Amino acid sequence: MTTPSGDILLQTTGLELAYGAFKAVDGVDLTVRQGTIHTIIGPNGAGKTTTFHCLTGERRPTAGRVRFAGQDITNRPPEARVGLGMSRSFQITSLFQTLSVRENLRLAAQGRDGARALAFWRPVTSRPDHLKVADEIIDRLQLGGRAHLPAGELSHGQQRVLEVGMALAARPKLLLLDEPTSGMGIDDIPVMTRLIGELGHDYTVMLIEHNMSIVMSISDVITVMHQGRVLVEGPPDLVRNDDRVRSAYLGEAGAC
Ligand SMILES: Nc1ncnc2c1ncn2[C@@H]1O[C@H](COP(=O)(O)OP(=O)(O)OP(=O)(O)O)[C@@H](O)[C@H]1O
């Protein structure tokens, strides 16, 4: 695990997303440093996913600013953010179920090249760099034995791991993972936990996660959100022992 220090990669100031009078995100200041695993937790409806949407550009904040990699990206569309190095994990529904694991990853690597990726008439072999990226990711995901299987034949847990791999294919500066273990069987969770922990050595990772044992074991910094605001922020030990966090979760089984 890395020390939470170093350069700021992403920063929000006064981030707000209002739906009419209701503020789903209400003045959130976040600072994400390079090389950290920064996790957002909070009870249901706290505003975690909405915050992610504002970071990736799927939603335009109603107030506040977002800075990423030294640039103000508040009004940039999602594809411009991807181009700057922000990558959100894919959903299983976005995998090409009938294509092989390797082909899915190759296409994701090709997608990073934007307009040049539209040169579909080029034979696959003309871009061996994309295959190289795909193969590196297959190794990292430990899916070597399944590289040539159609993605749809992987277990649910393996498909979720492949989703993370698809995001990696963009060679991002910042990897955003929204509940990567949700719906996973108990046997697959340690695989995902190990993968995210290892990614933390090479990438900056932002994570939304409900499984507290994962959160506490891999995070460098945890931001606890509650009712659209930041309630507490700090390293796992600080968050685990904070009474405000316990109160926010009251009634939610298994928290902290
Ligand atoms: N399009 C929308 N219109 C109105 N309210 C919305 C909309 N999207 C989300 N909300 C509300 O905003 C609040 C924050 O939702 P959000 O999905 O960000 O919470 P969350 O912390 O990710 O919750 P969960 O852990 O349950 O996924 C919730 O009360 C939700 O009902």
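Residues numbered from 1 in each chain as written. Predicted model: local features only at pLDDT ≥ 70, side-chain atom pairs only at ≥ 80, totals over all residues. Heavy atoms only, no water.

Labelled according to an unreviewed UniProt entry, the protein chain appears under the name ABC transporter ATP-binding protein, originating from Tistrella arctica.

### Concerning the nonpolar core
What counts, and what does not: We define the nonpolar core as a collection of buried residues of types Ala, Val, Leu, Ile, Met, Phe, Trp, Tyr and Cys that are connected through side-chain atoms lying within 4.5 Å of one another. Here the term buried applies to any residue with accessible area under 20% of the maximum for its type, exposed to any over 50%, and partly exposed to those in between, with areas from a 1.4 Å probe on protein chains only. In this text, helices come from DSSP runs of H or I with a minimum length of four residues, and strands from runs of E with a minimum of two, each type numbered from the N-terminal end. Domain segmentation is taken from an automatic or database assignment of domains.
Counting residues in hydrophobic clusters, the biggest one holds 35 residues, and the most contacted among them are L105, L162, L175, L199 and V205. At the level of elements, helix 3 (101–111), helix 4 (128–141), helix 5 (156–168), strand 7 (174–178), helix 6 (189–202), strand 8 (204–208) and helix 7 (212–218) are the ones that each hand at least two residues to this core. Inspection of this core shows a minimum of three residues originating in each of domain 1 (1–85 + 172–256) and domain 2 (92–171). Residues L10, V25, I73 and L176 belong to the second largest nonpolar core, which totals 23 residues.

### Topic: the site of the ligand
Put simply, the test is: Summary of the distance rule: residues count as near a molecule or strand when at least one heavy atom falls within 4 Å of that molecule or strand. Polar contact is defined as a pair of N or O atoms within 3.5 Å, subject to the rule that within protein one atom must be able to donate a hydrogen and the other to accept it, and that residues adjacent in sequence are counted only when both atoms are side-chain atoms. To measure how exposed things are, a 1.4 Å probe is used in the Shrake-Rupley method; for residues, cover is taken only from the protein chains shown. Just so you know the grouping, Ala, Val, Leu, Ile, Met, Phe, Trp, Tyr, Cys and Pro go in nonpolar, Asp, Glu, Lys and Arg go in charged, and all remaining residues, Gly too, go in polar.
If you check the shell around the ligand, you find 13 residues, and the closest are G45, G47, K48, T49 and T50. T49 has a polar side-chain atom sitting 2.9 Å from an oxygen atom of the ligand. In isolation the ligand exposes 640 Å². Once the protein is present, 61% of that is buried. Elements represented by at least two residues in the shell around the ligand include exactly strand 2 (22–33) and helix 1 (48–56). A total of three residues in the shell around the ligand trace back to one element, the largest contributor, which is helix 1. Grouping the amino acids of the shell around the ligand by side-chain chemistry returns five nonpolar, six polar and two charged.

### Looking at the sheet that holds strand 1 (residues 8–19)
Counted only if it meets this: Should DSSP find at least two bridges between two strands, the strands are taken to pair.
Across the sheet, four strands lie side by side as 2-1-4-5; this open sheet has antiparallel pairing. At either margin of the open sheet sits one strand with a lone partner, and together these are strand 2 and strand 5 (71–72). Pairing of strand 4 (residues 63–68) with strand 5 involves two bridges; the strand directions are antiparallel. From the neighbouring strand, F68 faces strand 5, where its bridge partner is Q71.

### What to know about the side chain of T36
Note that T36 resides in the loop between strand 2 and strand 3 (37–41). Polar contacts involving the side chain of T36 include one to the main-chain carbonyl oxygen of R33, which spans 2.6 Å.

### Details of the confidence of the model for the protein chain
To keep it simple, the criterion reads: Confidence of the predictor at the level of single residues is captured by pLDDT, which takes values from 0 to 100. Contacts are residue-level and defined by heavy atoms, with any inter-residue pair within 4.5 Å sufficient.
Confidence along the protein chain averages 88 in pLDDT terms, with 87% of residues attaining 70 or more. Of all the helices and strands in the protein chain, helix 9 (residues 243–249) carries the lowest mean pLDDT, 88, while strand 4 carries the highest, 98. The low-confidence segment residues 1–5, where pLDDT is below 50, has 16 contacts with residues more than four positions distant or belonging to other chains.

### Re the pairing of strand 8
Among the five residues of strand 8, five are classified as buried, and the element is accordingly described as predominantly covered. In strand 8, alternate side chains face the same way, and those of T204, M206 and I208 on one face and V205 and L207 on the other are all buried. Direction of pairing for strand 3 relative to strand 8: parallel, over a ladder of four bridges. In the sheet register, H38 faces strand 8, and the bridge partner there is M206. Alignment of strand 7 against strand 8, held across five bridges, turns out to be parallel. Its bridge partner being in strand 8, L176 is matched across the sheet by M206.

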